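The primary structure of each chain is shown beneath.
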Amino acid sequence: MKLKGKSIVISGASEGLGLEIAATCLKEGANIFICSRSDTKLKKALVYLNKFKKDKQKLFDYKLDVSNPNQCDIFVNHVMKEFKIIDALINNAGIIGPKNVFDSCDWNSWKYAIDVNLFGSAYLIYKFLPYMKKRKKGSIIQLSGGGATKPFPNMSAYAASKAAIVRFIETLAVELMPYDITANCVAPGALNTQILDEFISAGPKALGEKFYEGVLKQKETGGAPMHKAVQLCIELISGNSSMITGKLISAIWDDWWNFNEFAEELKNSDVYTIRRITAKDRNYSWGDL
């Protein structure tokens with residue numbers, strides 16, 4: 001049991017990927033505190049998760065909108081009262097936000113997506129970090145996505161927030177090196193979750209024809225296997241990958257299960273990070289002095 005006795009907090013864990021991460025953490029022996037905006041979904045999640053909970057394991061839930069700092073403050077107090085320590089924080093809560101060209105988006109909806117995806121994630125880290133620093137031990141995992149690595153037309157709030165949170169995690173990882181606390185981003189791949197259904201409901205006019213065609217194909221083919229993202233998260237918080245930090249890791253495309261063999265190279269390299277591409281990087285003779 002890779003996570004026996006560890007205390008783990010997972011946001012956005014009432015369904016989809018977050019729920020499966022929570023279930024696997026329980027199977028691996030961890031104590032779990034999950035949160036979500038929906039009471040109804042949390043109740044269903046607890047019924048499911050209790051199937052995997054052993055007698056001495058702790059399992060708690062809390063209704064939380066991560067974009068609300070006051071709610072987050074109360075939540076963190078609840079967690080620390082029950083757990084006393086925290087070994088890992090997995091930030092999975094996130095939304096797509098408005099789906100339209102930028103100047104046709106509702107501004108409040110656009111801003112709310114940033115509040116959830118960027119500020120909500122950062123604030124939970126901000127509140128839990130002092131407890132990890134005190135122990136000089138811990139792991140932070142931030143779920144990211146394709147919006148961090150390429151333009152996402154008609155979903156500018158999502159793309160901007162994901163790119164920002166990845167650079168934040170990269171920066172945080174450097175700050176936390178003296179404390180033996182790791183911070184990484186996980187790109188789970190295109191999963192068939194409720195977000196996919198949200199895309200289909202939005203239609204080709206909102207998403208663009210090309211993206212919408214890709215969504216329909218993903219629905220048909222089944223999307224990326226969720227278990228790969230789950231196992232990557234388990235690996236990163238188990239202690240087996242304690243040298244890996246400050247990286248954006250694809251659960252689907254990267255050979256992450258062998259990363260420990262190349263820990264020193266990864267530590268001293270900018271691979272699996274977001275960077276500016278220069279003309280020289282593409283073998284052009286122009287552009288660079």
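Within each chain, residue numbers correspond to sequence positions counted from 1 in written order. Since the coordinates come from a predicted model, pLDDT governs what is reported: local features require at least 70, and pairs of side-chain atoms require 80 or more to be given and counted, while whole-chain, interface and lining totals use all residues. The basis for every side-chain value is the complete set of non-hydrogen atoms in the structure, without hydrogens or water.

Draft legend 1. Summary view of the environment of Cys185. Numbering goes from the N terminus for both helices and strands, where a helix is a DSSP run of H or I of at least four residues and a strand is a run of E of at least two. Here Cys185 is to be found in strand β6 (residues 181-187). Between buried and exposed lies partly exposed: a residue is buried under 20% and exposed over 50% of the maximum accessible area for its type, with that area taken using a 1.4 Å probe on protein chains only. We classify Cys185 as buried; its relative accessible area is 1%. When the C-alpha positions of Cys185 and Gly145 are compared, they lie 8.9 Å apart, and in sequence the two are 40 residues distant. When neighbours within four sequence positions are excluded, Cys185 is seen to be in contact with Gln142, Ser144, Ile165, Val166, Ile169, Lys247, Leu248 and Ile249. Note on contacts: a residue pair qualifies if any of its non-hydrogen atoms lie within 4.5 Å across the two residues.

Draft legend 2. Geometry of the packing of aromatic side chains. Stacked, edge-to-face and tilted are the three classes for Phe, Tyr and Trp ring pairs, Trp counted by its six-membered ring, which pair at centre distances within 6.5 Å; planes under 30 degrees apart are stacked, over 60 edge-to-face, the rest tilted. Taken as a whole and assessed by the stated rule, the structure comprises 15 aromatic pairs. Relative to Phe52, the ring of Tyr48 lies with its centre 5.1 Å away and its plane at 80°, an arrangement referred to as edge-to-face. A residue is classified by how much of its surface remains accessible, and Phe52, at 18% relative accessible area, is buried. Criterion for a charge above a ring: Arg CZ or Lys NZ at most 6 Å from the ring centre, at most 35 degrees from the ring normal. Here the guanidinium or amino end of Lys27 rests over the ring plane of Phe52, the centre of that ring lying 4.7 Å away.

Draft legend 3. Region of the structure containing the nonpolar core. If you look at the biggest cluster of nonpolar residues, it comprises 42 residues, and the most contacted ones within it are Phe75, Phe128 and Ile140. Of all the elements in the fold, those that place two or more residues in this core are β2 (31-36), α3 (69-83), α4 (107-135), α5 (156-176) and β6. Among the elements that make up this core, the one with the highest residue count is α4 (10 residues). Not counting the four nearest positions on each side in its chain, Ile140 is found in contact with Leu89, Ile125, Leu129, Met132, Ile169, Leu172, Leu176, Ile181, Thr182, Ala183 and Asn184. Among the nonpolar cores identified, the runner-up in size contains 41 residues, and Ala13, Ile32, Leu59 and Ala229 belong to it. By convention a nonpolar core is built from buried Ala, Val, Leu, Ile, Met, Phe, Trp, Tyr and Cys residues, the set being connected through side-chain atoms within 4.5 Å.

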